[in-house]
Amino acid sequence: MSDPRAQILGKIREIRGRGALSASNRHMLDTRLADHPRNVVPARADGPQAELIVQFMDYLGKAGATVLRVPKRSDVPAAVAEYLRDNNLPGRVRTTSDPEIDSLPWSDQEMLERTEGRAEKSDDVSVTSAVAGIAETGTLLLTSGKHTPTSLNFLPETHIVVLSAQTVVGSYEDAIDKVRKQGQLPRTLNFITGPSRTADVELTMEMGAHGPRQLHVILVDN
Amino acid sequence: MDATAKSFKDQAKDGLENATLQDALGKLGFGFPLLRQMAADGLPEFDALRDQGRDIKNHVLEHLDYYLERFEEQVTGHGGQVHWCPTDGDARDAILKICQEARAKTVTKGKSMVTEEIAINAHLEAHGIKAIETDLGEYIIQLRNEPPSHIVGPAIHLNKEQIAGTFRSHHKELDPDRSLEEVPALVREAREVLRQKYIDADVGITGANFLVAETGSSIIVTNEGNGDLSQSLPRIHIVVASIEKVVPTLEDACTFLRLLARSATGQEFSAYTTFSTGPKRPDDPDGPEQYHVILLDNGRSDLLGTEFQDVLRCIRCGACMNHCPVYTSVGGHAYGSVYPGPIGSVLTPALAGIDQSHHLPNASTFCGKCEEVCPMRIPLPKMMRYWRERAFDQGQDPVAARWALAFWATAARWPALYHFGANVMTRLLHFMGKREGHLVRLPFAGGWTRHRDFPTPERATFQSQWRKRL
């Protein structure tokens, strides 16, 4: 057997004392994949939306991120500008180009310079959207796509995420369901829970290992 | 695999005498079990998830051929490529070929134990391709040319002064008068140095915590974000994963993800959990143009259907070593194998041969803590016992130990003889140590009395005392 694929599969089948699976067995496994049933989902991922939002913010804070809740979408550019000022960051952001971000009233902020596209090494701050907030552990789900490059989530030192409160869900499975509904799976699904960190030196926790040092979430109520 | 497992005893001694290591192990052995316990207590469903995780893994191992085929189908469907590799050599060849065809000069790597197992860095280096570890701990030990000492925290055996020294001698282009005394300065320096490497690299290599058969996705879990930079910035992404990493669906992956971080570091969730599926889509502004998955067997399939099959459920959280009284005393390097601690004591004999590693399954007190905390409920002590039996059958133990055991086994088959012998020995030892209350030296038991006294036994055996009382 020179074909390595046949070699590995053949060995597994030999040990299991069978050839390829029987039709009925195969059908059972095909069905399991097609139905992808949920396993145990923690009870904390279930509850009224208002409570899930509070829990989401709570866990996000515990994971080292900061959260600001604003009443409406038009408040976002001012909130971004204020965050940059408060943290002595340059008034320059690189953002995603999806409608969620693109349609915000950025021009109100004259001092804020905004460009769109994938991150470059020189970008200090990124502003992106997210598909969902997950209350279970205060986790954000971001996906790659035409308007949402993955590099924005990792290269800049500060990552600002704009999230509509109505997209907060309970569990990882709930968030994955949203992605499934959009059709083909994107190249990248990023589940992000707080800023980058490492404990590799003397088990001392330090933020900003390779990814963002600060993760700031602006949660929009509307 | 670079196995110095044969020298476990000497290496363990080195570990015990290494003050820096002992400090680190003290912190590790206290902190991680506490954090894990808090995380487990904070999730009422934790044990139910463990049961379900175990069952899913067992189901996959029963139908491994099916799930691997479905996984490949999905990877191919998304424009990626699967490379089946029966041995570590096959995996090295496949990775080198991809790198050479891409005319790669440098490769950045996310943290991956399986790439340690196949020793890919040295192989690429030998062919003129520079492989750069980007996980901070891995980067540090790569500069020092040392193996990892823990599967989650590879550089825990070093202190910040040693790391500062390493950085000073390797980062020659930086200001020699810079301050590197504190941890933030060290982390910042590594961040700055590695930043450009990600951007310049032609290929990014990562491991995978899970592969998803339903979608053809590979999943990595990290805290630093280095794996993500390695798999999204270079032109080519190579995933190296062993065959038992496959899980059926995204929902199944969620079950394991709920267990992994809590068991490993006591976090609710690691900072970054990333699902990658195929190369970048035509419209995507970034991401790799090629996506390859190296599917490595390297001895795993030999374990299917044997008493060691359960070890294939391992999700590499490291909880067993964090809780192990032997690991937290001697450190990871003592094991002389890629995978240290209780999991290594079971896995290494399977990968490298019991003749190369018979000390490892003996490096256990059988306290059972590893099995107790294992999220996949792997019966590690039982498996170490199986390996001991095999080592004995193959004549790996010293002659004296074999004779002693054979002698004991014969006596144990004849109760009258056993009781007679035990009575004689007990009386003899009692007589010898009566005055002192302990024995300073004992024939055939120098290993014990060299370090501590042997308590003098009572005048008669328990059984004969019991009989008299009746």
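Residues numbered from 1 in each chain as written. Chains lettered and ligands numbered in written order. Predicted model: local features only at pLDDT ≥ 70, side-chain atom pairs only at ≥ 80, totals over all residues.

1. Description of the overall build of chain B
In step 1: The helix and strand tally for chain B stands at 22 helices and twelve strands.
In step 2: On C-alpha atoms alone, chain B measures out to a radius of gyration of 26 Å, which is about the 23 Å that the 2.2 N^0.38 rule sets for 470 residues.
In step 3: C-alpha extents for chain B along the principal axes are approximately 90 × 60 × 45 Å.
In step 4: Within chain B, the proportion of its 470 residues that are buried is 53%.
In step 5: In chain B, the proportion of contacts linking residues at least 24 apart, taken out of those at least 6 apart, comes to 74%. (Helix = DSSP H or I, 4+ residues; strand = E, 2+ residues; numbered from the N terminus. Rg over C-alpha atoms; globule rule 2.2 N^0.38 Å. Buried ≥ 20, exposed ≤ 12 C-beta atoms within 10 Å, placed from the backbone. Contact = placed C-beta atoms within 7 Å.)

2. Some points on the sheet that holds strand S7 (residues 236-242) of chain B
All names here are of chain B.
In step 1: Within the open sheet, the six strands sit side by side as S1-S10-S7-S4-S2-S3. Their pairing is parallel. Of all strands in the sheet, those bounded by a partner on one side alone are strand S1 (81-85) and strand S3 (130-133). Between one strand and the next, the sheet's axes are offset by a mean angle of 20°, whatever the strand orientation.
In step 2: Pairing of S1 with strand S10 (residues 290-296), which is carried by five bridges, proceeds in the parallel orientation. Paired with Trp-84 across the two strands is Leu-295, which belongs to S10. (Pairing = 2+ DSSP bridges. Axes fitted to C-alpha atoms, helices over the stretch in contact; angles between N-to-C directions.)

3. Re the domain arrangement of chain A
In step 1: With domains assigned, chain A is organised as domain 1 (4-35) and domain 2 (43-220).
In step 2: Computed from C-alpha coordinates alone, the two centres of domain 1 of chain A and domain 2 of chain A are separated by 42 Å. (Domains from an automatic or database assignment.)

4. Describing the environment of Ala199(A)
In step 1: Within the secondary structure, Ala199(A) is located in the loop between strand S10 (197-198) and strand S11 (206-207).
In step 2: The sequence separation of Ala199(A) and Tyr172(A) amounts to 27 residues, and the corresponding C-alpha distance is 26 Å.
In step 3: Ala199(A) has contacts with Thr204(A), Met205(A) and Gly153(B), leaving out every residue within four places of it along the chain.

5. Quick look at helix H10 (residues 183-200) of chain B
In step 1: In this model H10(B) runs 27 Å from its N-terminal to its C-terminal C-alpha over 18 residues, within 8% of the 26 Å that 1.5 Å per residue would give.
In step 2: Of all the bends in H10(B), the greatest, near 25°, is centred on Leu194(B).
In step 3: Taken residue by residue, H10(B) has Val183(B), Leu186(B), Val187(B), Ala190(B), Arg191(B), Leu194(B) and Tyr198(B) as its buried positions.
In step 4: Residues of H10(B) that are buried in the fold lie against S10 and S11 of chain A together with strand S2 (106-109), helix H8 (136-144), helix H9 (160-170) and helix H11 (226-232) of chain B. (Expected span 1.5 Å × (residues − 1). Bend = angle between axes of the 7 residues up to and from the residue.)

6. Thoughts on the domain arrangement of chain B
In step 1: On domain assignment, one finds that chain B holds domain 1 (1-30 + 319-397), domain 2 (43-301) and domain 3 (400-469).
In step 2: Placing the centre of domain 1 of chain B and that of domain 3 of chain B at their C-alpha centroids yields a distance of 30 Å.

7. Re the interface of chain A and chain B
Often the size quoted for an interface is simply the accessible area lost on bringing the parts together.
In step 1: Between chain A and chain B, the residue contacts involve 60 residues of the former and 78 residues of the latter.
In step 2: Elements with a minimum of two residues in the side of chain A that touches chain B: helix H1 (4-15), helix H2 (23-35), helix H6 (172-181), strand S9 (188-192) and S10 of chain A.
In step 3: Among the elements that line the side of chain A that touches chain B, the one with the most residues is H1(A), at nine residues.
In step 4: Broken down by class, the residue content of the side of chain A that touches chain B amounts to 26 nonpolar, 20 polar and 14 charged.
In step 5: Note: S9(A) against strand S9 (residues 272-276) of chain B, five bridges, orientation antiparallel. Considered in S9(B), the bridge of Phe191(A) is made with Thr273(B). (Nonpolar A, V, L, I, M, F, W, Y, C, P; charged D, E, K, R; others polar.)

8. Examining the sheet that holds strand S5 (residues 132-134) of chain A
In step 1: Strand order in the open sheet formed by eight strands is S8(A)-S5(A)-S6(A)-S9(A)-S9(B)-S6(B)-S5(B)-S8(B), with mixed pairing between adjacent strands. Of all strands in the sheet, those bounded by a partner on one side alone are strand S8 (168-169) of chain A together with strand S8 (246-247) of chain B.
In step 2: When strand S5 (residues 210-212) of chain B meets strand S6 (residues 217-222) of chain B, the two strands line up antiparallel, connected through three bridges. Looking at S6(B), one finds that Val212(B) is bridged to Ser217(B).
In step 3: Set on the sheet, H6(A) makes contact with S5, strand S6 (139-143), S8 and S9 of chain A; between it and S5(A) the angle comes to about 165°.

9. Remarks on the nonpolar core
In step 1: The biggest cluster of nonpolar side chains holds 175 residues, and the ones touching the most others in it are Leu141(A), Val107(B), Ile294(B), Leu295(B) and Leu296(B).
In step 2: Considering each element in turn, this core owes the most residues, nine residues, to helix H12 (residues 250-264) of chain B.
In step 3: Setting aside chain neighbours within four positions, we find Leu141(A) in contact with Ala130(A), Val131(A), Ala132(A), Ile134(A), Ala175(A), Leu189(A) and Phe191(A). (Core = buried A, V, L, I, M, F, W, Y, C linked by C-beta atoms within 7 Å.)

10. Examining the environment of Leu260(B)
In step 1: Within the fold, Leu260(B) resides in helix H12.
In step 2: Apart from the residues lying within four places of it in its own chain, the contact partners of Leu260(B) are Asn209(B), Val221(B), Ile315(B) and Cys317(B).

11. Comments concerning the confidence of the model for chain B
In step 1: Averaged over every residue, the pLDDT of chain B is 94; residues scoring 70 or more account for 99%.
In step 2: Taken over the whole predicted complex, pTM reads 0.94, whereas the ipTM for its chain interfaces reads 0.97. (pLDDT = per-residue confidence, 0-100.)

12. Considering the packing of H6(A) against H12(B)
In step 1: Put simply, H6(A) and H12(B) touch, their axes get as near as 10 Å, and they point 150° apart. Judged by the angle between their axes, H6(A) and H12(B) are roughly antiparallel. With respect to the hand of their crossing, H6(A) and H12(B) are arranged in right-handed fashion. Contact residues: H6(A) offers Tyr172(A), Glu173(A) and Ile176(A), while H12(B) offers Leu250(B), Glu251(B), Cys254(B) and Leu257(B).
In step 2: Tallied by class, residues from the contact of H6(A) with H12(B) come to five nonpolar, no polar and two charged. (Parallel < 35°, antiparallel > 145°, perpendicular 65-115°, else oblique. Left-handed = near helix turned anticlockwise from the far one by under 90°.)

13. Some remarks on the pairing of strand S12 (residues 214-220) of chain A
All names here are of chain A.
In step 1: Of all the seven residues making up S12, seven are buried; the element is thus mostly covered by neighbouring parts of the structure.
In step 2: In this sheet, S12 lies alongside strand S1 (residues 66-70) in parallel orientation, the contact comprising five bridges. Within the sheet, the bridge partner assigned to Leu-68 lies in S12 and is Ile-218.
In step 3: Note: strand S7 (residues 158-164) against S12, seven bridges, orientation parallel. Bridge pairing in S12 places Ile-160 opposite His-216.

14. A look at unusual backbone geometry
In step 1: Positive phi, normally seen in glycine, also occurs at Asn88(A), with a value near 55°.
In step 2: Take Asn88(A): there are 6 C-beta atoms within 10 Å of it, and that puts it in the exposed class.
In step 3: One non-glycine residue, Asn145(B), lies in positive phi territory at about 60°.
In step 4: For Asn145(B), the position within the fold is in the loop between H8 and H9.
In step 5: On the basis of neighbour counts, which here come to 6 C-beta atoms within 10 Å, the residue Asn145(B) falls in the exposed class.

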